[in-house]
Amino acid sequence: MGDVEHQPLLEVAINGEFTGDGSVDVKGDPVKKAGTGNWKACPFILGNECCERLAYYGIATNLVTYLTRKLHQGNAAAARSVTTWAGTCYIMPLVGAILADSYWGRYWTIAIFSIIYFIGMGTLTLSASVPAFKPPECSGTDCPEASLAQYGVFFLGLYLIALGTGGIKPCVSSFGADQFDDTDPHERVQKGSFFNWFYFSINIGALISSSFLVWVQDNWGWGLGFGIPTVFMGLAILSFFSGTGLYRFQKPGGSPVVRVCQVVVAAVRKWGVEAGGGGELYEVEKGSAIEGSRKLEHSDELRCLDKAATITETDNQESVSPNPWRLVTVTQVEELKILVRMFPIWATTIVFSAVYAQMSTMFVEQGTVLNSKVASFNVPPASLSTFDVISVILWVPIYDSWLVPMARRFTGKERGFSELQRMGIGLVVSIFAMGAAACLEIWRLSVARREGLVDADVQVPVSILWQIPQYFLIGASEVFTFIGQLEFFYDQSPDAMRSLCSAFSLLTTALGNYLSSFILTMVTYFTTKDGSPGWIPDNLNQGHLDYFFWLLAGLSLMNLVFYVVCATKYTSKKAS
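Every chain is numbered on its own, with residues counted from 1 as its sequence reads. In keeping with the model being predicted, local features are shown solely for residues with a pLDDT of at least 70 and side-chain atom pairs are shown and tallied solely at 80 or more, while totals for entire chains, interfaces and linings include all residues. Hydrogen atoms and water are omitted, and side-chain values are computed over all heavy atoms in the structure.

A. Focus on the environment of valine 214. In DSSP terms, a helix is any run of H or I states spanning at least four residues, a strand is any run of E spanning at least two, and both are numbered starting from the N terminus. Here valine 214 is to be found in helix H6 (residues 185-219). Taking the C-alpha atoms as reference points, valine 214 and isoleucine 59, 155 residues apart in sequence, are found 9.1 Å from one another. Leave out the neighbours within four places in its chain, and valine 214 touches Thr61, Asn62 and Ser209. Contact definition: two residues touch when any of their heavy atoms are within 4.5 Å.

Laid out in structure tokens, this is it:
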């Protein structure tokens, strides 16, 4: 049987002049290390991400207010509109990732979807600026609802943004990491720092949006409030294109979905065949049969899948190339094995995302019954999420400049901690965050009982600033778990599936929100039986929100135990 002819890019990485990970320049030629990639290219990517996130949060943070005050939607309808749109923003990355890994590559996927994003921002700005595109202002209690055409223009812009997000989010972190050569030990260490500063850039954008832009929208109008994010999205596109000559590119390797299906079909067709040893498994001699991917070494796990790469008499009779639905390479089998091995780790981050979701739900609810008066200012409970952002902004340089060098002396690891260790630390910190929220609630309820405020739906004389520790702990847990998750899903995913795996990591945020909603529904159902007010009644002074926080802390502890078991058994990929 003839071998697949393939000229690998790895072969041109001679004497360290070229990259050894198969990356190419914008023309598709092997790329030289000098003058390309590394930190020289990263400012353009980090600038793009900071401006894009500023634009996104500039819309998302205050969207429900616009829907209720300007489009005159009811509270429930506005909440549904926002959650449906936000969910779409985290599902669409699956579409963008498949296009990037299969056909367009990460650069062109980011470029095309950024333009779609910008068009959506412009449409949204027009809908808030042109009088014909929005309903008249309320006259007393009479608030005319937006017409179908007015809704159409607004939601067209909104969902173009969701579509644009789907192409950018799964690709931009992976594209930034592509600028560091996996085969160069020095660049591999720097890649770990890139993920830290990438997340730092996200939070700088979020900080500006949640403070300055919200103020502009409330005080200077929505046309300007949406127009400023639109300008920043334009700057994001300009920043991204400005670095084109410095970028390193990875070629798309064909549809990852098709490759996975080929492995499953081939394994099923050969179910009665005994999985052979290394000498009986099919692999091309030179490079990899998958464009833009290195070969993966054979592993002894999930041996049933090896049947797909086992050469039989029928396969030997093939005169030219083997039928890919009957015989696949070891690398293709290992791709699916990697996805299966990563799944338990992926699942544990859903619980963490449910904890993270409390910042915009139960933490805010708790803040409404704390004393919001600080000196002469009235602090909005939702604004305390700024301390989470500040925590991230403080922790990233501390982690990168202090913790990593210190940990490196003890662990001997290039990045101080492995990705799995880093994620585990974040899971531990998240338990303390829930514990801090529970302890504050216990104190608040004791003060409410002492002051005779249990039956009054009023604020309790405990300062809202006591919530700051739980926000800071959530921020610290993000720096460990979310950034560790970015690293893990990039480093451990198959070379030609990195965008798709990044999309799956983003999906945990949506699933975490769904899990949080499910837990709240179950808690409400079981704790309000027999006329009991339950843990989370409308008057929180009569409830036990502390029990809810302890429940999440307990679930997080069980999740941590499961995570430790999975992480201990996890086998890292081995690329040649």
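That covers the picture; the talk isn't over yet.
B. Spotlight on the packing of helix H10 (residues 330-356) against helix H13 (residues 419-450). Note on method: axes are straight lines fitted to C-alpha atoms, helices fitted across the in-contact stretch only, with angles between N-to-C directions ranging 0 to 180 degrees. In the contact formed by H10 and H13, the axes pass within 10 Å of each other and the chain directions differ by 30°. Considered as vectors, H10 and H13 are oriented roughly parallel to each other. The element H10 and its partner H13 pack so that their crossing is left-handed. Contact residues: Ile345, Thr349, Phe352 and Val355 in H10; Leu420, Met423, Gly426, Leu427, Ser430 and Met434 in H13. Each angle gets one of four labels, with under 35 degrees taken as roughly parallel, over 145 as roughly antiparallel, 65 to 115 as roughly perpendicular, and the rest as oblique. A clockwise turn of the near helix away from the far one marks a right-handed crossing, whereas an anticlockwise turn of less than a right angle marks a left-handed crossing.

C. Highlighting the packing of helix H8 (residues 256-269) against H10. At a minimum axis separation of 9 Å, H8 and H10 run at an interaxial angle of 100°. Accordingly, the angle class assigned to the pair H8 and H10 is roughly perpendicular. From H8, Arg259, Val260, Gln262, Val263 and Val264 reach across to H10, where they touch Gln332, Val333, Glu335, Leu336 and Leu339. Gly counts as polar in this scheme, as do all residues outside two lists: the nonpolar Ala, Val, Leu, Ile, Met, Phe, Trp, Tyr, Cys and Pro, and the charged Asp, Glu, Lys and Arg. Residue composition of the contact of H8 with H10, grouped by class: six nonpolar, two polar and two charged.

D. Representation of helix H14 (residues 468-491) in the model. By definition here, a helix of n residues has an expected span of 1.5 Å times n minus one. The terminal C-alpha atoms of H14, which comprises 24 residues, lie 34 Å apart, in line with the 34 Å expected from a rise of 1.5 Å per residue. Maximal helix bending in H14 amounts to about 35°, located at glutamate 478. Each residue is placed in one exposure class: buried if its accessible area under a 1.4 Å probe, protein chains only, is under 20% of its type's maximum, exposed if it is over 50%, and partly exposed if it falls in between. Of all 24 residues in H14, 21 are buried, a share of seventy percent or more. The term bend refers to the angle at a residue between two fitted axes, each drawn through seven residues, those ending there and those starting there.

E. Fine view of the pattern of salt bridges. Whenever a carboxyl oxygen of Asp or Glu lies within 4 Å of a side-chain nitrogen of Lys or Arg, that contact is scored as a salt bridge. Scanning the model with the defined rule gives 26 salt bridges in all. In this structure, the salt-bridge partner of arginine 498 is aspartate 182, at a minimum N-O distance of 2.9 Å. Of the two residues, arginine 498 is situated in helix H15 (residues 498-527) and aspartate 182 in the loop between helix H5 (148-177) and H6; the sequence distance between them amounts to 316 residues. By relative accessible area, aspartate 182 is classed as buried at 11%. Arginine 303 is the salt-bridge partner of aspartate 306, the closest N and O atoms lying 3.8 Å from each other. Judged by relative accessible area, arginine 303 falls into the partly exposed class, the value being 34%. Taken together, the salt bridges that share partners define one network made up of Asp182, Lys191, Arg294, Arg415, Glu419, Arg422, Glu487, Asp491, Asp495, Arg498 and Lys573.

F. Molecular detail of empty space enclosed by the protein. Using a 1 Å grid laid over the protein atoms alone, points where a 1.4 Å probe fits but cannot get out form a cavity; open sets with protein on both sides within 12 Å along at least 5 of 7 lines form a pocket; any residue with an atom within 4 Å of a point counts as lining. Grid points are joined across faces, edges and corners, and a volume is the space filled by probe spheres set on the points. Throughout the structure, instances matching the rule amount to one cavity of 30 Å³ or more. Along its surface, the largest cavity is lined by eleven residues, and Asp101, Arg106, Gln250, Lys251 and Pro252 are the ones closest to its centre. When the residues that make up the lining of the largest cavity are grouped by side-chain class, the tally is three nonpolar, four polar and four charged.

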